[in-house]
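Overview (structure and organization)
For reference, the chains in residue letters:
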Amino acid sequence: MAGRINDDDVKAVRDAVPIDAVVSEYLQLRNAGGGNLKGLCPFHDEKSPSFQVSPSKGLFHCFGCQEGGDTIAFVMKIDHLSFSETVERLAAKAGITLRYEEGGYNPSHQRGERIRLIEAHQAAAEFYVRALESPEAEIGRKFLAERGFDQEAATHFRVGYSPAGWDHLTRYLRGKGFSDKELITSGLSQDGRRGPIDRFRGRLMWPISDTAGDIVGFGARKLRDDDNGPKYLNTPETPVYKKSQVLYGIDLAKKDIAKASRAVVVEGYTDVMACHLAGVTTAIATCGTAFGNDHIKILRRLLMDNGSARVIFTFDGDSAGQKAALRAFEDDQKFAAETYIAIAPDGMDPCDLRLVKGDDAVRDLVEPRTPLFEFALRQIVGRYDLETPAGRAAALDEAAAVVAKIKTSSVQREVAVQLAGLVGILDQEFVVHRVAQLARWARDKGGDHGDRGGRGGPQGRGPRGGAPQQAAPAPAFSGPALNLRSPAHRTERELLKLALQKPALVSPAFDAYGVDEFTAAPYAAVRRCIEEAGGAEQGIADDRAYLGAVLDAAPDNTVRNLVTELAVEVFHGRTIDETYAGMHLVHVRLRAVDRRIADVQSSLARLGNHVAPQDLAAAQNEVWVLQQYAQTLRAHGAAAL
């Protein structure tokens, strides 16, 4: 059983790895003001960025789905890791050696499964790269050279070679301490008659990395005629490799994709290599599967769905490529980016184009030429005889059904007008009406209930007009749902934000406030967490440790998510200083005093003449004292606290 990681080491890992650097490996972040950064949430679909990161506090929070936490929580959720696996991964990134409380540290037994599988793939990649230099791999080097790739290119993309024997890699990895179970689980080996054997044999090897840069699988290209396997063989589905969730080259392209707001989707590993070497460093490819929803999510997080974002597909000009383009058009509405298609002359792919016409031709190819919707509609219309009324009607029926799927009415109308021109129907309004009719029928049948994040459509907005509101889990608080941002609760919210973000401005006065001074149950729960963490005064010396203690004190994820939300949310005021803090301290206290006065007076009214004289005197005295205190607070502000 793995030992417990030393608490001081966990803290060191939290402090050593900046949260913005980690999050930036998965999505593009931009300035959100107040020292915070924002991006499209990786945990739910959204069009406007509601995901915020506070580098100074080491926290993230999504105001759309309410996910939040520190660096460790982010990596745990996005990569589906355990706590110990996450700490080990981040510690390796920071160069920190971890100590374990129980027993000695045994890397082969105590590291989590994902960490071990990633390490196995890294070791395999190094093995394959060295094998490419062997005499046996001459056929692989020749394959690369014939496609215009020299040794420097092979090194840059970490291309390797898998020896033709049965178990060369398996024996090598066993020698590195990996168990047979780990090798089978990783997909690097497979069961043979006498034990595990290599899955990839006698093939050219491309390592496939995830967005964070970890190698999670391989693509293997057949080189010999006596190889009876498929032309391309990929890693099978494993705990770390899901072909629908990886894009080859994303680790190399992600920074340029975010910087240029452009992604080029090609079809193969050599096409990615050719594009990058020609200067198109935003090229990526799917790995043995069609471009789908999960791939779109990856790109959207990098592109940030801004108005200038572009996605260019470079499908082959053959029938299979045309079908791929039509499939891509079906998913087009899930992008907020403009989508285009680029098909080279004579149907050449980028690799062939580079060989025949050079780097300039590849760069010219991916300059946006034809909008994807126009290409898709031309493919549909081109199958019919437009010289006859029947042919035009049939073309319209099929193409109009596709246009009707466009969510935004203004874009739908514009494309419908273009469809009229493609089909040769002079009455544009007839085509527009037909498309709109089909769209209504689809909605009435339940196929679509409004815009779900397509291009420019209306969406529900949060209370501040920013993030789309998603269905949140039911809060763990009793009573009716609360509008926690209403004027009635805004002061309490601001005070808690001050206590979490700028504790020096409210300490030590805040720590004397009772939980009952916060009328919203969720806010009272956060106040209790601060109290259990030692009070806001603890945050003056070390705000990160203080916030970590507050999060640790949260009884459940609902409270924990509210803490991260309050810890990164911007303040309502323009100047956040002692005056601003004092105003909110006074307002919260005044409301508590006024409530107490009202409670006592209400009790006296209910009891009437049945109250004992001494109790009546005590109650009247309490009311008088509270009224004097309230008057002093109103007259002198924070000085009276």
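**A closer look at the sheet that holds strand S4 (residues 59-62)**
Ordered by their spatial adjacency, five strands build an open sheet running S1-S2-S3-S4-S5, and the pairing between neighbours is antiparallel. The sheet terminates laterally at strand S1 (30-33) and strand S5 (68-70), the two strands that pair on one side only. Between one strand axis and the next, the sheet turns through 25 degrees on average, direction left out of account. Pairing between strand S2 (residues 36-39) and strand S3 (residues 51-54): three bridges, direction antiparallel. In the strand pairing of S3, Leu37 is matched with Val53.

**Some points on the pattern of salt bridges**
Per the counting criterion, the structure on display carries 33 salt bridges. Between Glu67 and Lys77 there is a salt bridge, with the nearest N and O atoms lying 3.5 Å from each other. Remark: Lys77 occurs in helix H3 (residues 71-79) and Glu67 occurs in the loop between S4 and S5; sequence separation between them is ten residues. For Glu67, a relative accessible area of 22% translates into the label partly exposed. Two residues, Arg493 and Glu569, come together in a salt bridge whose shortest N-O distance is 2.8 Å. Pair noted here: Arg493 is in helix H21 (residues 487-501) and Glu569 is in the loop between helix H26 (557-568) and helix H27 (578-607), with a separation of 76 residues, a long-range link. We note that Arg493, like Glu569, is buried.

**Focus: helix H1 (residues 7-16)**
When H1 is considered as a whole, its buried residues turn out to be Asp9, Val10 and Val13. Here the buried residues of H1 occupy an arc of 105 degrees about the axis, which is enough to place them on one side. Looking at the buried residues of H1, the elements they touch are H3 and helix H4 (83-94). The backbone nitrogen of Asp8 lies 2.8 Å from a side-chain oxygen of the residue at the head of H1, namely Asn6.

**Here's the deal with the packing of aromatic side chains**
According to the stated counting rule, one finds 17 aromatic pairs in the structure shown. Geometrically, the ring pair formed by Tyr26 and Phe74 is edge-to-face, given 5.7 Å between the ring centres and 70 degrees between the ring planes. Of this pair, Tyr26 sits in the loop between helix H2 (19-23) and S1 while Phe74 sits in helix H3, and the two are 48 residues apart along the sequence. A connected cluster of aromatic rings, assembled from ring pairs, spans Tyr26, Phe43, Phe51, Phe60 and Phe74. Positioned above the aromatic ring of Phe43, the side-chain terminus of Lys77 is 5.4 Å from the ring centre. The aromatic ring of Tyr513 is capped on one face by Arg589, whose charged end is 4.0 Å from the ring centroid.

**Some thoughts on the nonpolar core**
By size, the foremost hydrophobic cluster in this structure holds 45 residues, and its most contacted members are Leu144, Val159, Leu204, Trp206 and Tyr248. Residues within four places of Leu204 in sequence aside, it is in contact with Leu132, Gly140, Phe143, Leu144, Val159, Gly160, Gly219, Ala220, Arg221 and Leu223. Membership of the second largest hydrophobic core comes to 38 residues, among which are Val506, Ala520, Leu547 and Ala554.

**Regarding the confidence of the model for the protein chain**
Chain-level statistics for the protein chain give a pLDDT mean of 84 and a share of 87% at 70 or above. Predicted confidence for residues 104-110 stays below pLDDT 50, and this span has 13 contacts to residues more than four positions away or in other chains. Here residues 447-481 scores under 50 on pLDDT; set against residues more than four positions off or in separate chains, the count is 66 contacts.

**What to know about unusual backbone geometry**
With an omega dihedral of 0 degrees, the bond running from Ser507 to Pro508 counts as a cis peptide bond. As for its position among the elements, Pro508 is in the loop between helix H22 (503-506) and helix H23 (521-532). The phi angle at Gln66 is positive, at roughly 75 degrees, despite the residue not being glycine. Relative to the assigned elements, Gln66 resides in the loop between S4 and S5. The phi angle at Arg158 is positive, at roughly 55 degrees, despite the residue not being glycine. Note that Arg158 resides in the loop between helix H8 (151-156) and strand S6 (160-162). Owing to a relative accessible area of 30%, Arg158 belongs among the partly exposed residues under this scheme.

**Description of the sheet that holds strand S13 (residues 283-285)**
Across the sheet, five strands lie side by side as S13-S12-S14-S15-S16; this open sheet has mixed pairing. Sheet topology places S13 and strand S16 (370-371) at the edges, where each strand pairs with a single neighbour. Packed onto the sheet, helix H12 (residues 269-277) meets strand S12 (262-266) and S13 and runs at close to 175 degrees relative to S13.

**Quick word on the pairing of S12**
Burial analysis of S12 places five of its five residues in the buried class, which makes it a mostly covered element. Burial of the side chains of S12 extends over both faces: Arg262, Val264 and Val266 are buried on one face and Ala263 and Val265 on the other. Here S12 runs beside strand S14 (residues 310-313); their pairing, made up of four bridges, is parallel. Pairing of Ala263 across the sheet is with Val311, part of S14. Here three bridges tie S12 to S13, and the two strands are oriented parallel to one another. In the strand pairing of S13, Val264 is matched with Ala283. Taken together, S12, H12 and S13 form a β-α-β motif whose crossover is right-handed.

**Some words on helix H17 (residues 372-381)**
Of all the ten residues making up H17, seven are buried; the element is thus mostly covered by neighbouring parts of the structure. Of all the residues in H17, the buried ones are Leu372, Phe373, Phe375, Ala376, Leu377, Ile380 and Val381.

**Regarding the environment of Lys243**
Relative to the helices and strands, Lys243 resides in the loop between strand S11 (232-234) and helix H11 (250-260). Its relative accessible area of 36% is what places Lys243 among the partly exposed residues. Sequence separation between Lys243 and Thr289 is 46 residues; the distance between their C-alpha atoms is 6.8 Å. In this structure, Lys243 is in contact with Glu237, Cys287, Gly288, Thr289 and His295, ignoring residues within four places of it in sequence.

**A look at the side chain of Asp227**
For Asp227, the position within the fold is in the loop between strand S10 (215-222) and S11. The class for Asp227 is buried, based on a relative accessible area of 17%. In this structure Asp227 touches Arg201, Arg203 and Lys222, once residues within four positions along its chain are discounted.

**Let's talk about the pairing of strand S9 (residues 203-209)**
The buried fraction of S9 amounts to seven of the seven residues, a majority that puts the element mostly inside the structure. Strand direction decides the pairing type here: S6 and S9, joined by three bridges, are antiparallel. By the bridge assignment for S9, Ser162 is matched with Arg203. In this sheet, S10 lies alongside S9 in antiparallel orientation, the contact comprising seven bridges.

Calculation notes
Residues numbered from 1 in each chain as written. Predicted model: local features only at pLDDT ≥ 70, side-chain atom pairs only at ≥ 80, totals over all residues. Heavy atoms only, no water. Pairing = 2+ DSSP bridges. Helix = DSSP H or I, 4+ residues; strand = E, 2+ residues; numbered from the N terminus. Axes fitted to C-alpha atoms, helices over the stretch in contact; angles between N-to-C directions. Salt bridge = Lys/Arg side-chain N within 4 Å of Asp/Glu carboxyl O. Buried < 20%, exposed > 50% of the residue type's maximum accessible area, 1.4 Å probe, protein only. Arc of directions from axis to C-beta. Contact = heavy atoms within 4.5 Å. Polar contact = N/O pair within 3.5 Å; in protein donor to acceptor, adjacent residues only side chain to side chain. Phe/Tyr/Trp six-rings, centres within 6.5 Å; stacked < 30°, edge-to-face > 60°. Lys NZ or Arg CZ within 6 Å of the ring centre and 35° of its normal. Core = buried A, V, L, I, M, F, W, Y, C linked by side-chain atoms within 4.5 Å. pLDDT = per-residue confidence, 0-100. Right-handed = clockwise from strand over helix to strand, strands pointing away.

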